[in-house]
Amino acid sequence: MCVAAAESIEASGVGLWVMSKDGVPGFSVASDPGCQQVEEFQFTVGEGASTDAFSSRRPILVPDLADGLSSRWPVYSAAMHDLGVGAVFAFPMQVGASRLGVFTIFRSRAAGLTAEELALALTFADVALMTLLDGHEASSDGLAGAMTHQAAVFQAQGMIMVQLGVSLEEALIRLRARAYADGRALTDVARDVLTRRLRFQHGDS
Amino acid sequence: MTAVSTERLARVFVEVADTLVDEFEIIDFLHRLTMRTADLVDAAAVGLLLADQRGRLQFMAASQEQARLLELFQLQNDEGPCLDAFRTAAPVVNADLSTSGGRWPRFAPHAVAAGFRSVHAFPLRLRSEVIGALNVFGTEAEARLEEQDVHVVQAIADIATIALLQERAIRRSEILTEQLQAALNSRIIIEQAKGVIAQALDLSIDEAFDAIRAYARRSNRQLGELAHDIVTDLTKIEEITPP
């Protein structure tokens with residue numbers, strides 16, 4: 001997926017890292033080894049676009065790493081320069097309070113993302129998130145697309161979290177699994193939870 | 001509808017300025033802005049939608065529950081004054097809902113059934129872009145906005161845009177994207193927290209939201225921050241009481 005993203009967004013590299021449950025960086029993958037090196041480097045020095053995107057829960061978009069605005073990361077900026085990276089765009093993979101990691105795009109030249117590239121990057125980040133969550137493929141209009149739309153899904157997620165005493169991520173996985181197993185739309189199942197027609201219990205899959 | 005009182009306008013202006021120079025949370029700010037707007041023009045309800053990076057409008061804030069439902073109804077049916085203001089970048093002013101069935105065949109009867117008679121919508125503009133819209137609903141057909149009111153409400157819509165851009169001293173186009181994405185995600189956290197409280201206290205989703213809001217007010221907390229605490233630390237639920 002990183003390679004596909006790198007090709008469609010005109011990036012020199014795309015990286016993705018996933019946090020483990022206790023908030024320490026887990027595994028990372030990248031479209032090429034150099035890129036992976038950059039991602040891992042951030043955790044060694046403790047600063048960079050991806051780490052900031054994760055901790056602030058918002059994208060960090062830096063179209064020109066040399067313009068002085070990135071002086072907030074002295075070590076990271078210098079290392080990026082040495083590695084020939086001119087621009088970096090980091091997107092948290094998150095659904096509300098659940099965060100799984102960060103999806104980051106690197107460019108060798110300094111240039112901002114166009115509106116189309118931005119929409120594409122957000123879609124890649126969504127698909128990566130959903131795939132990591134439970135491995136269910138997100139279709140073209142996709143669960144990822146539906147996710148961003150429906151308050152009912154997020155409300156049901158909160159309810160299931162309390163019903164089962166599980167994490168928010170786990171609650172979403174259960175909701176999606178139920179929709180998938182029953183061949184129903186995610187929002188329909190969510191509405192059943194909200195109207196109390198459906199209650200999740202331990203042992204359900 | 002009478003023209004806006006200077007005294008009320010001054011109060012809102014001071015509050016907005018106070019907020020914008022200080023640390024603030026965008027969802028909380030937009031929510032208060034809808035309530036102040038309703039107050040200012042004696043509107044029954046005010047709602048606000050923002051466009052995400054894919055150009056789709058998303059619900060962000062409303063002065064009260066009814067407005068939230070009407071905004072969602074517009075989104076679901078892809079029709080209504082907010083969408084018109086968003087698409088045309090021009091305000092929709094003094095639309096009489098009882099005679100708007102031709103313009104909005106689904107929305108107009110639905111809004112009338114909910115007790116509303118008039119509607120106005122204002123685009124949230126940023127240079128050549130439109131990034132959202134603000135809806136004002138009235139319960140009386142004669143609740144017209146005077147020309148002066150129209151300028152005031154458009155200015156409030158512009159303030160919402162400014163609040164979104166406001167961050168540090170840096171001005172770059174990426175900030176809007178960063179802020180929008182952060183605001184959309186905060187909105188999701190609030191929905192998740194509503195679900196948690198609805199289940200834990202056996203309330204409807206709307207009652208759960210009222211309970212969270214009331215607790216935020218009592219404890220002087222920002223809505224988004226409180227919602228985040230609720231979904232990440234279930235022991236916080238004990239502090240919330242039914243409305």
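Throughout this description, residue numbers start from 1 for each chain and increase along the sequence as written. Chains carry letters from A onward and ligands carry numbers from 1 onward, assigned in written order. Note on the predicted model: pLDDT of at least 70 is required for a residue's local features to be given, and 80 or more for side-chain atom pairs to be given and counted; whole-chain, interface and lining totals, by contrast, use all residues.

Digging into the overall build of chain A
Only DSSP runs of H or I with at least four residues qualify as helices, and only runs of E with at least two residues qualify as strands; both kinds are numbered from the N terminus onward. Tallying secondary structure elements over chain A gives nine helices and five strands in all. Listed N to C, the secondary structure of chain A is α-β-β-α-α-β-α-β-β-α-α-α-α-α in terms of helices and strands. Counting across all 205 residues of chain A, residues that qualify as buried make up 47%. It is the C-beta atoms, placed from the backbone, that decide contacts: two residues are in contact if theirs lie within 7 Å. Across chain A, contacts joining residues at least 24 apart in sequence account for 54% of those joining residues at least 6 apart. Residues are called buried when their C-beta atom has 20 or more other C-beta atoms within 10 Å, exposed when it has 12 or fewer, and partly exposed otherwise; all C-beta atoms are positioned from the backbone.

With respect to the overall build of chain B
For chain B, the helix and strand inventory stands at nine helices and five strands. Along chain B, helices and strands appear, N-terminal first, in the series α-α-β-β-α-α-β-α-β-β-α-α-α-α. In terms of overall size, chain B behaves like a compact globule, its C-alpha atoms giving a radius of gyration of 18 Å where 243 residues would be expected to give roughly 18 Å. Relative to all contacts within chain B whose residues are 6 or more apart in sequence, the contacts with residues 24 or more apart total 63%. Throughout, radius of gyration means the C-alpha value; the globule benchmark is 2.2 Å times the number of residues raised to the power 0.38.

Describing the pairing of strand β2 (residues 57-62) of chain B
Residue and element names in this part refer to chain B. Where burial is concerned, most of β2 is hidden: six out of the six residues are buried. Paired strands are those between which DSSP finds at least two bridges. The pairing of strand β1 (residues 45-51) with β2 spans five bridges and is classified as antiparallel. Along β2, the bridge assignment pairs Leu48 with Ala61. Where β1 hands over to β2, the hairpin turn is made up of five residues, of which Gly55 adopts a positive phi near 80°.

Here's the deal with the nonpolar core
Ranked by size, the top nonpolar core spans 136 residues in total, and within it Val88 of chain A together with Leu134, Ala160 and Ile197 of chain B carry the most contacts. Per-element accounting of this core gives the leading share, eleven residues, to helix α7 (residues 173-200) of chain B. Beyond its immediate stretch of four places on either side in the chain, Val88 of chain A contacts Ala49, Val62, Leu65, Met80, Thr104 and Phe106 of chain A. For our purposes the nonpolar core covers buried Ala, Val, Leu, Ile, Met, Phe, Trp, Tyr and Cys residues that link as a set through C-beta atoms within 7 Å.

Notes on the confidence of the model for chain A
Any residue range with low pLDDT should be treated as having predicted coordinates unsuitable for detailed reading. All names here are of chain A. One confidence number per residue, pLDDT, is output by the predictor and ranges from 0 to 100. Confidence along chain A averages 82 in pLDDT terms, with 86% of residues attaining 70 or more. Considering each helix and strand of chain A separately, the mean pLDDT is smallest for helix α6 (residues 143-149), with a value of 47, and largest for helix α7 (residues 151-164), with 94. The low-confidence segment residues 138-148, where pLDDT is below 50, has 17 contacts with residues more than four positions distant or belonging to other chains.

Looking at the confidence of the model for chain B
Residues and elements named next belong to chain B. Mean pLDDT over chain B: 87, with 94% of residues reaching 70 or higher. Across chain B, helix α4 (residues 81-88) holds the top mean pLDDT of 95, while helix α1 (residues 6-21) sits lowest at 83. Per-residue pLDDT stays below 50 along residues 167-171; that stretch engages in four contacts with residues further than four places along the chain or on separate chains.

Re helix α4 (residues 74-82) of chain A
Residue and element names in this part refer to chain A. Along α4, the positions that sit buried rather than exposed are Tyr76, Ser77 and Met80. Seen along its axis, α4 keeps its buried residues to an arc of 100°; they face one direction. Structural note: α4 exposes Pro74, Ala78 and Asp82 on the side pointing more than 90 degrees away from its buried face. After α4 finishes, the residue Gly84 shows a positive phi value of roughly 75°. Working definition: the arc comes from the directions between the helix axis and the C-beta atoms, pointing outward to the latter.

Quick word on the sheet that holds strand β5 (residues 129-138) of chain B
All names here are of chain B. In space, the five strands of this open sheet follow the order β2-β1-β5-β4-β3, with antiparallel pairing throughout. Two strands bound the open sheet, and with one partner strand each, they are β2 and β3 (92-96). Put simply, the sheet's adjacent strands are angled 20° from each other on average, direction ignored. Two strands pair when backbone bridges link them, and β1 and β5 are joined in this way by six bridges, in the antiparallel orientation. Residue pairing across strands places Leu48 opposite Leu134, the latter belonging to β5. Set on the sheet, helix α6 (residues 147-165) makes contact with β1, β3, β4 (118-126) and β5; between it and β4 the angle comes to about 45°. Interaxial angle, 0 to 180 degrees, is taken between N-to-C directions of lines fitted to C-alpha atoms, where a helix line uses only the stretch in contact.

A look at the environment of Asp202 of chain B
Structurally, Asp202 of chain B is set in the loop between α7 and α8 (205-218). Put simply, Asp202 of chain B and Leu30 of chain B are 172 residues apart on the chain and 28 Å apart in space, counted from C-alpha to C-alpha.

Re unusual backbone geometry
Even without glycine at this site, Arg196 of chain A takes up a positive phi of about 70°. Within the element layout of this structure, Arg196 of chain A appears in the segment after α9 (186-194). Take Arg196 of chain A: there are 12 C-beta atoms within 10 Å of it, and that puts it in the exposed class. Unlike most non-glycine residues, Asn220 of chain B shows phi in positive territory, near 55°. Here Asn220 of chain B falls in the exposed class, since 6 other C-beta atoms lie within 10 Å of it.

A word on the packing of α7 of chain A against α9 of chain A
Residue and element names in this part refer to chain A. At a minimum axis distance of 8 Å, the contact between α7 and α9 shows a crossing angle of 50°. Considered as vectors, α7 and α9 are oriented oblique to each other. Considering how the two elements wind past one another, α7 and α9 form a crossing that is left-handed. Only Leu186, Thr187, Ala190, Arg191, Val193 and Leu194 of α9 make contact with α7, whose side of the interface consists of Ala152, Val153, Gln155, Ala156, Met159 and Ile160. Under this grouping Gly is polar, as are all residues other than the nonpolar Ala, Val, Leu, Ile, Met, Phe, Trp, Tyr, Cys and Pro and the charged Asp, Glu, Lys and Arg. Across the contact of α7 with α9, the residue classes break down as nine nonpolar, two polar and one charged. Here roughly perpendicular refers to angles of 65 to 115 degrees, roughly parallel to angles under 35, roughly antiparallel to angles over 145, and oblique to all remaining angles. Note on convention: near helix rotated counterclockwise from far helix by under a right angle means a left-handed crossing. Clockwise means right-handed.

Things to note about the pairing of strand β4 (residues 87-95) of chain A
The two faces of the sheet receive side chains in turn, since in a regular strand these alternate between them. Residues and elements named next belong to chain A. The buried fraction of β4 amounts to nine of the nine residues, a majority that puts the element mostly inside the structure. Of the two faces of β4, the one holding Ala87, Phe89, Phe91, Met93 and Val95 and the one holding Val88, Ala90, Pro92 and Gln94 are both buried throughout. As paired elements, strand β3 (residues 60-62) and β4 share three bridges and run antiparallel to each other. Across the sheet, the residue bridging to Val62 is Val88, located in β4. Here β4 runs beside strand β5 (residues 98-107); their pairing, made up of nine bridges, is antiparallel. Within the sheet, the bridge partner assigned to Phe91 lies in β5 and is Phe103.

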